[in-house]
Amino acid sequence: MRGSVQKAVAFVTKISLHSNDSLAPYEPWLFGGDALCVSSLTPESFFFSLAPCLFQRGRLDPLRQGEQRERFDLVVDLSGENTVSRSVKQKILMCPPTYYGVDYVINPWMEGQHGKTDIALAQKQWDALREKLAVHAQIEIVPAQPGLPDMVFTANAGLVWDGVVVVSRFRNKERQGEEPFFYDWFAANGLRCAEWPQTVPFEGAGDALWDRALPLLWIGSGFRSDVNAPPRLEKIFGRRVVQMKLVDPRFYHLDTCMCPLAGGYLMYFPAAFAPESLALIEELVPQDKRIVVAEEDAAQFACNTVELGDQVFMNGASDALQAKLRAAGFNPNPTPLSEFLKAGGTAKCLTLKLVEPLV
Ligand code: ARG
């Protein structure tokens, strides 16, 4: 197939027109784990759900049965130049660690770390992550600000979906100064900032994770985001929001202990959740799609993974976890981020996806 662009017919069930031109919608994109690389589409048919149309290892899978279908002609690039791992044009927001450091304590990882971060090493580690991600995604940069050492953790800038963003309202006053800078960046880059009351803490994609197969948003509560956040998010995004109660202060944001992956897989550390939240996972995610993470891996933030189709990037993962991920079709890319773990964040915390697939 190398070198050829083939015409294929895809069936899609849902169309959602995207009105926000500033996200350069006509580039090729990867749609989550369903991994269809589209080389050219008409503007009208750009943003749609490719959920029923699985392009895996060089073929279009048969459609699921019983779906209501509409027919669209797509040009599918099977050339190899634009395969899943290379032509992904996801956009990711990052903030350089120019003013990073542990200057206060707002989570257990920060205790005893005041002044102990090696800034040169932090910069090196951040550059390495950025470089690895840049192979698969376009990296956007929000400038760092003096006096805001945690701004590097852009997962907490807000939660994005379909051109709309809910800008975070931080629970801790130490991080509240970041809000206007993130707000201004989103507004200047064509995202519509949804209304959100100042009084309801919500820490963005650090606590809110779009599932990659189910049409729902997982949201953490217990430490940072408020219990009143879910109904508001449900209203704004028109999606079911599933609240997950976090019980271990080391795993204070949902993205520190859970990661939805392509194809409906869910990687998570069970001991971080209240029993009723574990029951929800069992109800919603089939057993063969649950990737249970052991304490040793959770402690090195293995769940804090950036997932880009079949590529997954994390601070570290044991051989056993890497084997589990491979068996499920993922390629683990361990990327050391020790300096950031001192502030309680690693790979996923350092990134924010600006385009979320519409499942
Ligand atoms: N020191 C930061 C805080 O406690 C770390 C944030 C990590 N971000 C994340 N998405 N988990 O807020």
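Calculation notes
Position labels on residues start from 1 in each chain and follow its written sequence. pLDDT decides what is reported in this predicted model: residues at 70 or higher carry local features, side-chain atom pairs at 80 or more are listed and counted, and totals for whole chains, interfaces and linings draw on all residues regardless. Values shown for side chains rest on all heavy atoms present in the structure; no hydrogens or waters enter the calculation. By nonpolar core is meant a set of buried Ala, Val, Leu, Ile, Met, Phe, Trp, Tyr and Cys residues that side-chain atoms within 4.5 Å join together. Whether a residue is buried, partly exposed or exposed follows from its accessible area with a 1.4 Å probe, protein chains only, as a fraction of its type maximum: under 20%, in between, or over 50%, in that order. A helix here means a DSSP run of H or I that spans at least four residues, while a strand means a run of E at least two residues long, and both kinds are numbered starting from the N terminus. When checking whether two residues touch, look at their non-hydrogen atoms; a contact exists if any pair is within 4.5 Å. Counting of polar contacts relies on pairs of N or O atoms within 3.5 Å, with two restrictions inside protein: one atom must be capable of donating a hydrogen and the other of accepting it, and residues adjacent in sequence are counted only when both atoms are side-chain atoms. Each reported salt bridge corresponds to a side-chain nitrogen of Lys or Arg within 4 Å of a carboxyl oxygen of Asp or Glu. Here, any two strands with at least 2 DSSP bridges between them count as paired. Note on definitions: angles span 0 to 180 degrees between N-to-C directions of axes, and those axes are lines fitted to C-alpha atoms, for helices only across the stretch in contact.

A. Inspection of the nonpolar core at higher detail. Core analysis: the largest hydrophobic core is formed by 39 residues, its most contacted members being W218, M258, L261, M267, F273 and L325. A total of four residues in this core trace back to one element, the largest contributor, which is strand β15 (residues 265-268). Counting residues in hydrophobic clusters, the runner-up holds 34 residues, among them L93, F182, W185 and L354.

B. Broad picture of the environment of N107. Take N107: it is sitting in the loop between β6 (90-94) and α1 (119-134). Take N107: its relative accessible area is 6%, and that puts it in the buried class. Every residue in contact with N107, bar those within four places of it in the chain, is listed here: R224, Y252, A343 and G344. A polar contact of 2.9 Å, which involves the side chain of N107, links it to the backbone nitrogen of W109. There is a polar contact of 3.3 Å between the side chain of N107 and the side chain of Y252.

C. Just the pattern of salt bridges, in detail. Inspection of the entire model under this criterion finds eleven salt bridges. The closest approach of N and O atoms between K91 and E140, which form a salt bridge, is 4.0 Å. Taken as a pair, K91 in strand β6 and E140 in strand β7 (residues 137-141) lie far apart in primary sequence, 49 residues in all. Note on K91: relative accessible area 6%, which makes it buried. Of the residues examined, E140 reaches a relative accessible area of 18% and is grouped as buried. Note that E339 and K342 form a salt bridge whose closest N and O atoms lie 2.8 Å from each other. One network of salt bridges, in which partners are shared, links R212, E307 and K353.

D. Examining the sheet that holds strand β16 (residues 290-292) more closely. Strand order in the open sheet formed by three strands is β14-β15-β16, and the pairing between neighbours is mixed. In this open sheet, the two edge strands, each paired with only one partner strand, are β14 (258-261) and β16. The sheet shows a mean angle of 15° between the axes of neighbouring strands, direction not considered. By the bridge criterion, four bridges tie β14 to β15 in an arrangement that is antiparallel. Among the inter-strand pairings, P260 is bridged to a residue of β15, identified as L266. Strands β14, β15 and β16 of the sheet are contacted by helix α5 (residues 275-284), whose axis makes an angle of about 160° with β15.

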